[in-house]
Amino acid sequence: MSLRLSSRPSFRSHHRTVASSFRSFSTSSKYFLLQYQYVENMAEKRTDHRAGHLAVLDEYSGKGSLMLAGAYIPDLSGATFIWQCADKSPIEEFLKKDPYAVNGLVTKWDIHEYATVVNKLQKSQ
């Protein structure tokens, strides 16, 4: 007689399931983080460029590739943007249009591709 102590799948079967989901992840749409580091006193320095910045955010949000965007509070030291797109090209295009980046209010930016584990933002396909 065999006694089964758990109804959970084995490590190997779980690992195969996770690996399979990562393979299917890289098909057409990926997630990217764009992270900004802002100049000091951003709240004062952004005034002349804020309307243009918000317009560019609205443009890319309307295209469906920019999912979330927001500044770090309370000090406005930087911002994070979450993108869903096939590659980085929309993000690179955004950087050339964003008044904050173009006018020197962004001191550093980084783009990171990542795989999600929990995703409540996924667009319906």
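Below is a summary of the structure that appears in this document.

Parameters and conventions
Residues numbered from 1 in each chain as written. Predicted model: local features only at pLDDT ≥ 70, side-chain atom pairs only at ≥ 80, totals over all residues. Heavy atoms only, no water. Pairing = 2+ DSSP bridges. Helix = DSSP H or I, 4+ residues; strand = E, 2+ residues; numbered from the N terminus. Axes fitted to C-alpha atoms, helices over the stretch in contact; angles between N-to-C directions. Phe/Tyr/Trp six-rings, centres within 6.5 Å; stacked < 30°, edge-to-face > 60°. Buried < 20%, exposed > 50% of the residue type's maximum accessible area, 1.4 Å probe, protein only. Lys NZ or Arg CZ within 6 Å of the ring centre and 35° of its normal. Core = buried A, V, L, I, M, F, W, Y, C linked by side-chain atoms within 4.5 Å. Contact = heavy atoms within 4.5 Å. 1 Å grid on protein atoms, 1.4 Å probe; cavity = no way out; pocket = protein on both sides within 12 Å on 5 of 7 lines; lining within 4 Å. Points joined across faces, edges and corners; volume = space filled by probe spheres on them. Nonpolar A, V, L, I, M, F, W, Y, C, P; charged D, E, K, R; others polar. Salt bridge = Lys/Arg side-chain N within 4 Å of Asp/Glu carboxyl O.

## A few points about the sheet that holds strand 3 (residues 78-85)
Part 1 of the argument: Read across the sheet, four strands follow the order 2-3-1-4 without closing on themselves; strand pairing throughout is antiparallel. Of all the strands in the sheet, the pair left with one neighbour each is strand 2 (66-71) and strand 4 (106-114). Between one strand axis and the next, the sheet turns through 15 degrees on average, direction left out of account.
Part 2 of the argument: Alignment of strand 1 (residues 30-38) against strand 3, held across eight bridges, turns out to be antiparallel. Looking at the pairing, Tyr-36 lines up with Ala-79 of strand 3.

## Some thoughts on the packing of aromatic side chains
Part 1 of the argument: Enumeration according to the criterion identifies eight aromatic pairs in this entry.
Part 2 of the argument: Ring geometry for Tyr-36 and Phe-81: centres 4.8 Å apart, planes at 70 degrees, overall edge-to-face. With Tyr-36 in strand 1 and Phe-81 in strand 3, this residue pair connects regions lying 45 residues apart in the sequence.
Part 3 of the argument: On the accessibility criterion, Phe-81 (1% relative accessible area) is buried.
Part 4 of the argument: Each ring, one from Tyr-60 and one from Phe-94, has its centre 5.6 Å from the other, and the planes form 90 degrees; the classification is edge-to-face. Placement of the pair is Tyr-60 in helix 3 (residues 50-63) and Phe-94 in helix 4 (residues 89-97), with a sequence separation of 34 residues.
Part 5 of the argument: What makes Tyr-60 buried here is its relative accessible area of 1%.
Part 6 of the argument: The class for Phe-94 is buried, based on a relative accessible area of 0%.
Part 7 of the argument: Stacked on the ring of Tyr-60, the Lys or Arg Lys-63 has its end atom at 4.4 Å from the ring centre.

## Some words on the nonpolar core
Part 1 of the argument: Ranked by internal contacts, the top residues of the largest apolar core, which has 22 residues, are Leu-34, Tyr-36, Tyr-38, Phe-81, Trp-83 and Phe-94.
Part 2 of the argument: With near-sequence residues (within four places) excluded, Phe-94 lies in contact with Leu-34, Tyr-36, Val-56, Leu-57, Tyr-60, Phe-81 and Trp-83.

## Comments concerning the layout of surface pockets
Part 1 of the argument: Taken as a whole, the second largest pocket encloses approximately 160 Å³ of empty space.
Part 2 of the argument: Along the wall of the second largest pocket there are 14 residues; nearest its centre are Tyr-38, Arg-50, His-53, Gly-70 and Ala-71.
Part 3 of the argument: At the level of elements, helix 3, strand 2 and strand 3 are the ones that each hand at least two residues to the lining of the second largest pocket.
Part 4 of the argument: Broken down by element, the lining of the second largest pocket gets its largest block of residues, four residues, from helix 3.
Part 5 of the argument: Here the residues of the lining of the second largest pocket are counted per class, giving ten nonpolar, two polar and two charged.

## Some thoughts on the pattern of salt bridges
Part 1 of the argument: This model, assessed by the stated rule, comprises four salt bridges.
Part 2 of the argument: In this structure, the salt-bridge partner of Glu-59 is Lys-63, at a minimum N-O distance of 3.3 Å. Separated by four residues within a single helix, Glu-59 and Lys-63 lie in helix 3, roughly one turn from each other.
Part 3 of the argument: Residue Lys-63 pairs with Glu-93 through a salt bridge whose shortest N-O separation is 3.4 Å. Taken together, the residues span a long stretch of sequence, with Lys-63 in helix 3 and Glu-93 in helix 4 at a distance of 30 residues.
Part 4 of the argument: We classify Glu-93 as partly exposed; its relative accessible area is 36%.
Part 5 of the argument: One connected set of salt bridges, linked through shared partners, spans Glu-59, Lys-63, Glu-93 and Lys-97.

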